[in-house]
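Structural description and commentary
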Amino acid sequence: MRVRRLHDWPATVPEARAVQEELRGLVDLAGPGPEEPELVAGVDVGYSPEDDRLVAAVVVLRAGTLDVVEEVAVSGRVRFPYVPGLFAFRELPTLVEALERLTVTPDLLVCDGYGLAHPYRFGLACHLGILTDLPTIGVGKTAFVGACEPPGPERGAWSAITDGGETIGRALRTRRDTKPVHVSQGHRISLSNACRQVLELAPRYRIPEPIRQADRLSRRDI
DNA sequence: GCGACAG
DNA sequence: ATCTTGTCGC
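Keep in mind the model is a prediction, meaning the values are calculated, not measured.

**Concerning the protein's contact with DNA strand C**
The full set of residues close to DNA strand C is Tyr47, Pro49, Lys141 and Arg219. Each atom of DNA strand C within 4 Å of the protein was classed as base or backbone; sugar and phosphate made up 100%. Within the side chain of Lys141, one N or O atom sits 3.4 Å away from a phosphate oxygen of DNA strand C. With respect to DNA strand C, the side chain of Arg219 contributes an N or O atom lying 2.9 Å from a phosphate oxygen.

**Looking at the protein's contact with DNA strand B**
Looking at DNA strand B, there are 16 residues lining it, with Tyr82, Gly85, Phe87, Lys141 and Thr142 nearest. Backbone atoms, meaning sugar and phosphate, make up 50% of the atoms of DNA strand B lying within 4 Å of the protein. Between a base nitrogen of DNA strand B and a side-chain N or O atom of His118, the distance comes to 3.1 Å. Of the residues that constitute the surface near DNA strand B, the class distribution is 8 nonpolar, 5 polar and 3 charged.

**A short note on the packing of aromatic side chains**
Here the structure, examined in full by the defined rule, presents 3 aromatic pairs. Aromatic pair Phe80 and Phe89: ring centres 5.7 Å apart, planes at 40 degrees, arrangement tilted. Under the relative-accessibility criterion, Phe80 is labelled buried at 3%. Note on Phe89: relative accessible area 3%, which makes it buried. Its guanidinium or amino end placed over the ring of Tyr120, Arg17 lies 3.5 Å from that ring's centre, counting from NZ or CZ.

**Details of the pattern of salt bridges**
With the rule as written, the count across this model stands at 17 salt bridges. Across the pair Asp51 and Arg53 runs a salt bridge whose closest N-O atoms are separated by 3.1 Å. Measuring nitrogen to oxygen at the nearest pair gives 3.2 Å for the salt bridge that ties Arg196 to Glu200. Pair noted here: Arg196 and Glu200 are both in helix H4 (residues 191-201), with a separation of 4 residues, about one helical turn. A relative accessible area of 31% places Arg196 in the partly exposed class. The network of salt bridges with shared partners includes Arg17, Glu21 and Arg24.

**Things to note about the side chain of Thr136**
Of note, Thr136 is situated in strand E5 (residues 136-140). Within the structure, Thr136 has its side chain in polar contact with the backbone oxygen of Ala125 (distance 2.7 Å). Among all residues touching Thr136, those that are not within four sequence positions of it are Leu108, Leu109, Ala125, Cys126, Leu128, Gly129, Gln185, Gly186, His187 and Ile189.

**Comments concerning the layout of surface pockets**
One number sums up the size of the largest pocket: a volume of about 430 Å³. Contributions of two or more residues to the lining of the largest pocket are made by strand E1 (39-47), helix H2 (88-100) and E5. Considering each element in turn, the lining of the largest pocket owes the most residues, 3 residues, to E1. Broken down by class, the residue content of the lining of the largest pocket amounts to 13 nonpolar, 7 polar and 4 charged. Here the second largest pocket defines a volume of roughly 160 Å³. Lining the second largest pocket are Glu35, Glu36, Pro37, Val40, Ala63, Gly64, Arg196, Gln197, Glu200 and Leu201. Broken down by element, the lining of the second largest pocket gets its largest block of residues, 4 residues, from H4. Here the residues of the lining of the second largest pocket are counted per class, giving 4 nonpolar, 2 polar and 4 charged.

**What to know about the UniProt feature "binding site: Mg(2+)" (unreviewed entry) in chain A**
Taken from the UniProt record, the annotation "binding site: Mg(2+)" (unreviewed entry) applies to Asp44 and Asp112. The named residues occupy 69 residues along the chain; their greatest pairwise C-alpha distance, 5.8 Å, places them in one compact cluster. The subset of these annotated residues that lines the largest pocket comprises Asp44 and Asp112. Among the secondary structure elements, Asp44 is positioned in strand E1. A relative accessible area of 3% means that Asp44 is categorised as buried. Setting aside residues no more than four positions away along its own chain, Asp44 makes contact with Val55, Ala56, Ala57, Leu95, Asp112, Ala214, Asp215 and Ser218. Topologically, Asp112 is positioned in strand E4 (residues 108-112).

Cut-offs applied
- Residues numbered from 1 in each chain as written.
- Chains lettered and ligands numbered in written order.
- Predicted model: local features only at pLDDT ≥ 70, side-chain atom pairs only at ≥ 80, totals over all residues.
- Heavy atoms only, no water.
- Near = heavy atom within 4 Å.
- Polar contact = N/O pair within 3.5 Å; in protein donor to acceptor, adjacent residues only side chain to side chain.
- Nonpolar A, V, L, I, M, F, W, Y, C, P; charged D, E, K, R; others polar.
- Phe/Tyr/Trp six-rings, centres within 6.5 Å; stacked < 30°, edge-to-face > 60°.
- Buried < 20%, exposed > 50% of the residue type's maximum accessible area, 1.4 Å probe, protein only.
- Lys NZ or Arg CZ within 6 Å of the ring centre and 35° of its normal.
- Salt bridge = Lys/Arg side-chain N within 4 Å of Asp/Glu carboxyl O.
- Helix = DSSP H or I, 4+ residues; strand = E, 2+ residues; numbered from the N terminus.
- Contact = heavy atoms within 4.5 Å.
- 1 Å grid on protein atoms, 1.4 Å probe; cavity = no way out; pocket = protein on both sides within 12 Å on 5 of 7 lines; lining within 4 Å.
- Points joined across faces, edges and corners; volume = space filled by probe spheres on them.
- UniProt positions renumbered as here; feature names shortened; annotations may be inferred.

Listed below in structure tokens is the structure:
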């Protein structure tokens, strides 16, 4: 699929912040996003324990059956330090290469990490949404910014993640008695639809299937 | 000022 | 992210 080249990859913190400030105004939070997506892609990155290599993985699933339609893994090198809030600049360059090698265009992109629920309201999922112009969802495994009450114990229970009075995401229980995931909007999808999609994509495990598959692939090829 | 901070 | 053993539960 085609990915827009809106900027060069920044090498420094100030450059990266400038890119975020420039692109954050382009984010579409109105959605509503696809009602019944046909193809859903998951993206994740795995890191080498011994050097600076990383593997970006994209797995496309048929939404109805969760069957794998296409897989792409691309290896690269870390070119940006881990700075909370600028996490996307580590993974995006190689992730974009992997997406460009996709022969199909997904209807929805599920990202490992945050979208709106981000210190500058522009996490990896928002950034990837702008570059691909696809609806994107951010799914985080741990809390980052904002606060929320613990949702009820049942699958499907959720509570709002708020920060300074504004709602930036939801803690969503995808599996009974299991730690919730943190869902936030990336681009071109509403928060309620994002949660509905995440729930449908995680019928069995805590982590939505597209991300689980991408995670497996990124570790296998490192 | 200090610590905490997606992966 | 990654380094790590056992353990509890389906």
